[in-house]
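Overview (structure and organization)
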Amino acid sequence: MKIDVNWERCEGHGQCEAAAPDVFSLDDDGELHFAYDNRKIPEGEAMAARSAIGACPVAALREVQ
Ligand code: SF4
């Protein structure tokens, strides 16, 4: 799976980081870092990544093929 991040929509709430800390992280300035931008997310992270999609309060994350 891949995830598309809508960077304009993201407000740095950090729920994605809580759900999938190896995929998403916020830096000290509250900026989101996405470890798999334009890259396939490993199978082992897919479940956590999907919960991150569901956890984002502004729907900034979307699964893409
Ligand atoms: S949960 Fe959504 S709004 Fe919050 S940092 Fe993650 S992508 Fe951005």
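Data block above holds the structure.
What to know about helix H2 (residues 43-55)
Taking 1.5 Å of rise per residue, the 13 residues of H2 would be expected to cover 18 Å, and the 19 Å separating its terminal C-alpha atoms lies within 8% of that figure. Within the span of H2, buried status applies to Glu-45, Ala-46, Ala-49, Ala-52 and Ile-53. Where the residues of H2 are buried, they touch strand E1 (2-5), helix H1 (15-19), strand E2 (24-26) and strand E4 (61-64).

Quick look at the packing of aromatic side chains
Here the structure, examined in full by the defined rule, presents one aromatic pair. With 5.0 Å between their ring centres and 15 degrees between their planes, Phe-24 and Phe-34 make a pair best called stacked. Of this pair, Phe-24 sits in strand E2 while Phe-34 sits in strand E3 (residues 32-34), placing them 10 residues apart in sequence. Residue classification places Phe-24 among the buried positions, given a relative accessible area of 0%.

Examining the nonpolar core
Ile-3, Phe-24, Phe-34, Ile-41 and Leu-61 are the most contacted members of the largest nonpolar core, which totals 19 residues. When residues of this core are traced back to their parent elements, those giving at least two are E1, E3 and H2. No other element matches the four residues that H2 contributes to this core. Residue contacts for Phe-34: discarding those within four places in its chain leaves Ile-3, Val-5, Trp-7, Val-23, Phe-24 and Ile-41.

Topic: the pairing of E1
Burial along E1 is one-sided: the face carrying Ile-3 and Val-5 is buried and the face carrying Lys-2 and Asp-4 is not. As paired elements, E1 and E4 share four bridges and run antiparallel to each other. Bridged to Lys-2 within E4 is Val-64.

Parameters at a glance
- Residues numbered from 1 in each chain as written.
- Predicted model: local features only at pLDDT ≥ 70, side-chain atom pairs only at ≥ 80, totals over all residues.
- Heavy atoms only, no water.
- Helix = DSSP H or I, 4+ residues; strand = E, 2+ residues; numbered from the N terminus.
- Expected span 1.5 Å × (residues − 1).
- Buried < 20%, exposed > 50% of the residue type's maximum accessible area, 1.4 Å probe, protein only.
- Contact = heavy atoms within 4.5 Å.
- Phe/Tyr/Trp six-rings, centres within 6.5 Å; stacked < 30°, edge-to-face > 60°.
- Core = buried A, V, L, I, M, F, W, Y, C linked by side-chain atoms within 4.5 Å.
- Pairing = 2+ DSSP bridges.

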